[in-house]
Amino acid sequence: MNVRRLIPTAALAGSAALGLVALSACSPSDAADGGGGAGGKGDGRLAVIASFYPMQYLAEEIGGTHVDVSTLTKPGVEPHDLELGTRQAAQLGEADYILYLKGLQPAVDEAVTAAGVKNTVDAATLTTLEKHGSEVGHSHGDEHAGEEHSGEEHGEDEHAEEEHAHEGEAGTDPHIWLDPVKYAEVAKGVGASLEKADPDNADAYRKNTTALVERLTTLDTAFEKGLADTSTKTFITTHSAFGYLAERYGLKQESISGLSPESEPSPARIKELRSIATQDKVGTVFFETLVSDRTAKTVAADSGLKTDVLDPLEGITKKSKGADYVEVMESNLAALEKALGAK
């Protein structure tokens, strides 16, 4: 993973003060340095800043016409590697409401703390986080749990979890939005917090929350039915983003790397994946849209497998197979059904 430049709290406070002076003489600008306003105060809307797309989607769907949502992470930017500029740090302090996921983006965590906005919501507190490594899910008679997982490979996984402890509290997996059930839990919490932050529009937030939870419930049902009967339960991905999804629907995720989308696999891990692919009849290696597909294609070619996209939904771009969260998740379901041999 790239080395990230964290902004010290004192520096953020100073830069925020300078940035506010500059912003007062400028027209409103997006928190991601381009596009829509970060402050909705002028038109009576709640000025909301979201850390990255899954948080943005919740704020927009639940807030509706009563919020003006900006995101810190531009479309196409890998959120784990986000660095904040002076203007973005300053705009955080001007927000009425901040929605972020602590542990995913260290620079955001630091800046949010420095901003000190009263209505700040950490999505990680609205559900239960779990620890996931390179292998996640139900084993269903998995024969790889013994000698195939040598001490060397376990050492790799332990090192990865230590190295990426920032990915969540105490090394937990932050990718909660890829489980529609957990995402619905977060949505309910976001809705309640918006009601508290803007009580005049509480009825609208409550109605929008109910509608979103219903859509997520429908999505959950589609995944449950679509993945209930498959030829294999194992899928291989570039990094361990789909642990919650795997556990929810009785699948087993095997990742090339760990929780980091950019870490390189060891030769031992590649050898192990080749064996797993053969024994579990895996035919596809999944890569994602915001990071290089080089490693996935190398592993696939080495094992004679196909490649396809399984989108971790960390951002929507022109390459995304859908215009929003639900559409991309439906595309993910179709890709899993095809790769796993859904009947």
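Just so you know, these numbers come straight off a predicted model, no measurement behind them. (Residues numbered from 1 in each chain as written. Predicted model: local features only at pLDDT ≥ 70, side-chain atom pairs only at ≥ 80, totals over all residues. Heavy atoms only, no water.)

Trainee: Before we move on, could you go through the overall build of the protein and cite the residues and values that matter?
Mentor: The secondary structure content of the protein amounts to 11 helices and 9 strands. Out of the 343 residues in the protein, the part that is buried amounts to 55%. Long-range pairs, those at least 24 residues apart, make up 67% of the contacts in the protein between residues at least 6 apart in sequence. Element-wise, carbon and sulfur atoms account for 51% of the exposed surface of the protein, whose accessible area totals about 14500 Å². (Helix = DSSP H or I, 4+ residues; strand = E, 2+ residues; numbered from the N terminus. Buried < 20%, exposed > 50% of the residue type's maximum accessible area, 1.4 Å probe, protein only. Contact = heavy atoms within 4.5 Å. Areas by Shrake-Rupley, 256 points an atom, 1.4 Å probe, with all protein chains shown as cover.)

Trainee: How would you explain unusual backbone geometry if you had to name every residue and give the values?
Mentor: Despite not being glycine, lysine 281 has its phi angle at roughly 55 degrees, a positive value. Mapped onto the secondary structure, lysine 281 falls in the loop between helix H9 (267-279) and strand E8 (284-287). Assessed through its relative accessible area of 69%, lysine 281 is described here as exposed. Within the chain, leucine 313 stands out as a residue other than glycine whose phi angle is a positive 55 degrees. With respect to the element layout, leucine 313 can be found in the loop between strand E9 (306-309) and helix H11 (325-340).

Trainee: Would you mind going over the side chain of glutamine 253 in detail, with residue names and values included?
Mentor: Considering the arrangement of structural elements, one finds glutamine 253 in strand E7 (residues 252-255). Under the relative-accessibility criterion, glutamine 253 is labelled buried at 0%. For glutamine 253, the side chain forms a polar contact with the main-chain nitrogen of phenylalanine 242, separated by 2.8 Å. (Polar contact = N/O pair within 3.5 Å; in protein donor to acceptor, adjacent residues only side chain to side chain.)

Trainee: So what's going on with the packing of aromatic side chains? Which residues, and what values?
Mentor: Scanning all chains against the criterion turns up 6 aromatic pairs. Judged by centre distance (5.1 Å) and plane angle (80 degrees), the ring pair of phenylalanine 52 and tryptophan 177 falls under edge-to-face. Separated by 125 residues along the polypeptide, phenylalanine 52 in the loop between strand E1 (46-50) and helix H2 (53-63) and tryptophan 177 in the loop between helix H5 (151-163) and helix H6 (180-197) bring together distant segments of the chain. Both residues of the pair, phenylalanine 52 and tryptophan 177, belong to the buried class. Aromatic side chains phenylalanine 235 and phenylalanine 242 sit 6.5 Å apart centroid to centroid with 75 degrees between the ring planes, which places their arrangement in the edge-to-face category. Comparing phenylalanine 235 with phenylalanine 242 shows no difference in burial state: the two are buried. (Phe/Tyr/Trp six-rings, centres within 6.5 Å; stacked < 30°, edge-to-face > 60°.)

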